[in-house]
Amino acid sequence: MKSGNTFLNRMLTDSGMTQIQLSAATGVTQQTISKLLSGVHKTPSRKTAILLARYFKVSTDEIYS
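Structural notes, computed from the coordinates. Only a predicted model underlies this, so the values are computations on that prediction, with no experimental measurement involved. (Residues numbered from 1 in each chain as written. Predicted model: local features only at pLDDT ≥ 70, side-chain atom pairs only at ≥ 80, totals over all residues. Heavy atoms only, no water.)

Quick notes on the overall build of the protein chain
Regarding its fold elements, the protein chain presents 5 helices and 0 strands. In summary, the protein chain has a C-alpha radius of gyration of 10 Å against a globular reference of 11 Å for 65 residues, a match within 12%. The principal-axis extents of the C-alpha atoms in the protein chain amount to approximately 30 × 25 × 20 Å. Every one of the 65 residues in the protein chain was classed for burial, and the buried ones make up 34%. Taking the intrachain contacts of the protein chain between residues at least 6 apart in sequence as the baseline, contacts between residues at least 24 apart amount to 49%. Counting only carbon and sulfur atoms, one obtains 51% of the accessible surface of the protein chain, whose full area is about 4300 Å². (Helix = DSSP H or I, 4+ residues; strand = E, 2+ residues; numbered from the N terminus. Rg over C-alpha atoms; globule rule 2.2 N^0.38 Å. Buried < 20%, exposed > 50% of the residue type's maximum accessible area, 1.4 Å probe, protein only. Contact = heavy atoms within 4.5 Å. Areas by Shrake-Rupley, 256 points an atom, 1.4 Å probe, with all protein chains shown as cover.)

Here is the structure:
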């Protein structure tokens, strides 16, 4: 089983948001968020990382770690 994106999983858990809410807030599709969380995509694209980093007010390095 793939582990998925632990940073994104932690951010969603901490914020209490759903994938759909995060998608609406960031402009990242729910499908992309789901694939990152499930491990289908191991790392986000540069554009996705920037959108998530801006929303969560973190560096893109944190997104990729």
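Quick word on the packing of aromatic side chains
Applying the stated criterion across every chain, the model contains 2 aromatic pairs. Measuring from centroid to centroid gives 5.1 Å for Tyr-55 and Phe-56, while their planes differ by 80°, and the two rings are edge-to-face. Classification of Tyr-55 as partly exposed rests on a relative accessible area of 34%. Through successive ring pairs, a cluster of aromatic residues spans Phe-7, Tyr-55 and Phe-56. (Phe/Tyr/Trp six-rings, centres within 6.5 Å; stacked < 30°, edge-to-face > 60°.)

Some details on the side chain of Thr-26
Residue position: Thr-26 is located in helix α2 (residues 19–26). At 3.2 Å, the side chain of Thr-26 forms a polar contact with the backbone nitrogen of Val-28. Setting aside anything within four residues of it in sequence, one finds Thr-26 in contact with Leu-51, Leu-52 and Tyr-55. (Polar contact = N/O pair within 3.5 Å; in protein donor to acceptor, adjacent residues only side chain to side chain.)

Some remarks on the side chain of Ser-23
With respect to the secondary-structure elements, Ser-23 resides in helix α2. Under the relative-accessibility criterion, Ser-23 is labelled buried at 15%. The residues touching Ser-23, leaving out its near neighbours within four places in the chain, are Val-28, Thr-29, Gln-30 and Ile-33.

Some thoughts on the environment of Phe-56
Here Phe-56 lies in helix α4 (residues 46–56). Residue class for Phe-56 comes out buried when judged on its relative accessible area of 14%. Between the alpha carbons of Phe-56 and Leu-12 there is a distance of 9.9 Å; along the sequence they are 44 residues apart. Phe-56 has contacts with Phe-7, Leu-8, Met-11 and Leu-22, leaving out every residue within four places of it along the chain.

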